[in-house]
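# Residue-level structure breakdown
Read off the chains here:
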Amino acid sequence: MKSFDQYLWIIEGPYYYLDKYSRVAGLGPDCAIPLVFRVNQDPFDQARLTYPGLKCRRPEAWLKVLALMYVNHVSFRLYLGEGLEQSPTSLTLLRPAVHKDLQAILGFAARRKVLELQRYEALLDRAFSLLHRMGPGE
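Notes on the structure in this doc start here. (Residues numbered from 1 in each chain as written. Predicted model: local features only at pLDDT ≥ 70, side-chain atom pairs only at ≥ 80, totals over all residues. Heavy atoms only, no water.)

### A closer look at the pairing of strand 5 (residues 87-95)
This is how the line gets drawn: When DSSP finds two or more bridges between a pair of strands, those strands are recorded as paired. Here a helix means four or more residues in a row that DSSP labels H or I, a strand means two or more in a row labelled E, and each is numbered from the N terminus.
The pairing of strand 4 (residues 77-84) with strand 5 spans seven bridges and is classified as antiparallel. Residue pairing in the sheet places Leu78 in a bridge with Arg95 of strand 5. Taking the residues that link successive antiparallel strands as the turn, the strand 4-strand 5 hairpin has two residues.

Here's what the structure looks like:
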């Protein structure tokens, strides 16, 4: 696979939680990258953790962070992207799900993409249901 064709999995959420759960998952410090850098960074500013990325090379660590965000009820967004970690060429929001009215509008122009998003949504719902039954655990 060429580097410019690479798929990226991105979790966006509060820096505090992404950093905390990254450490629990065995990743090093500073794995969570703030979306906006500030001199006095607020710990609840939005950040992202990308797999595969320079600081997150193992899928199981990234998945553990995602699971911890979910079971601990931390608000997050989940994206599937293409391109390079530093400069993705496209991002598709997987969670929260695309609003049904928007899906209907997009359906006329991008029927295949809407069906793909619905499959992802169903898979995510099943995975999150399993995580919910397992309960929190650090």
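### Digging into the environment of Tyr120
Rules: Each residue is placed in one exposure class: buried if its accessible area under a 1.4 Å probe, protein chains only, is under 20% of its type's maximum, exposed if it is over 50%, and partly exposed if it falls in between. The contact definition used throughout considers only heavy atoms, calling two residues in contact when any of these lie within 4.5 Å.
Mapped onto the secondary structure, Tyr120 falls in helix 4 (residues 111-134). On the basis of relative accessible area, Tyr120 is assigned to the partly exposed category, the value being 24%. Sequence spacing of Tyr120 and Arg95 is 25 residues, and the spatial spacing of their C-alpha atoms is 9.2 Å. Beyond its immediate stretch of four places on either side in the chain, Tyr120 contacts Trp9, Leu80 and Leu94.

### Things to note about the sheet that holds strand 4
Spelled out, the test is: For helices, the axis comes from a line fit to the C-alpha atoms of the stretch in contact; other axes are also lines fit to C-alpha atoms, and the angle between any two N-to-C directions lies between 0 and 180 degrees.
Taking strand neighbours across the sheet as the criterion, the five strands line up as 2-3-1-4-5 in an open arrangement whose pairing is antiparallel. Both edges of this open sheet fall to strand 2 (33-34) and strand 5, since each of them pairs with a single strand only. Against the sheet, helix 1 (residues 15-24) contacts strand 1 (7-14), strand 2 and strand 3 (46-51), and its axis sits at roughly 120° relative to strand 1.

### Side note on the layout of surface pockets
Empty pockets left among the atoms are what a rolling probe the size of a water molecule brings to light. Convention followed: Using a grid of 1 Å spacing that covers the protein atoms alone, one calls a set of points a cavity when a 1.4 Å probe fits there but cannot get out, and a pocket when the set is open and has protein on both sides within 12 Å along at least five of seven lines; lining residues are those with an atom within 4 Å of a point. Grid points are joined across faces, edges and corners, and a volume is the space filled by probe spheres set on the points. Three categories are distinguished: nonpolar for Ala, Val, Leu, Ile, Met, Phe, Trp, Tyr, Cys and Pro, charged for Asp, Glu, Lys and Arg, and polar for the others, with Gly belonging to the last.
Here the largest pocket defines a volume of roughly 240 Å³. In terms of lining, the largest pocket is formed by 13 residues, of which the most central are Leu63, Leu66, Leu78, Leu124 and Ala127. The element best represented in the lining of the largest pocket is helix 4, accounting for six residues. Among the residues making up the lining of the largest pocket, the classes are represented as 13 nonpolar, no polar and no charged. Within this model, the second largest pocket holds a volume of roughly 170 Å³. Here the lining of the second largest pocket takes three residues from strand 3, the largest share from any one element. A breakdown of the residues in the lining of the second largest pocket according to their chemical character gives six nonpolar, two polar and three charged.

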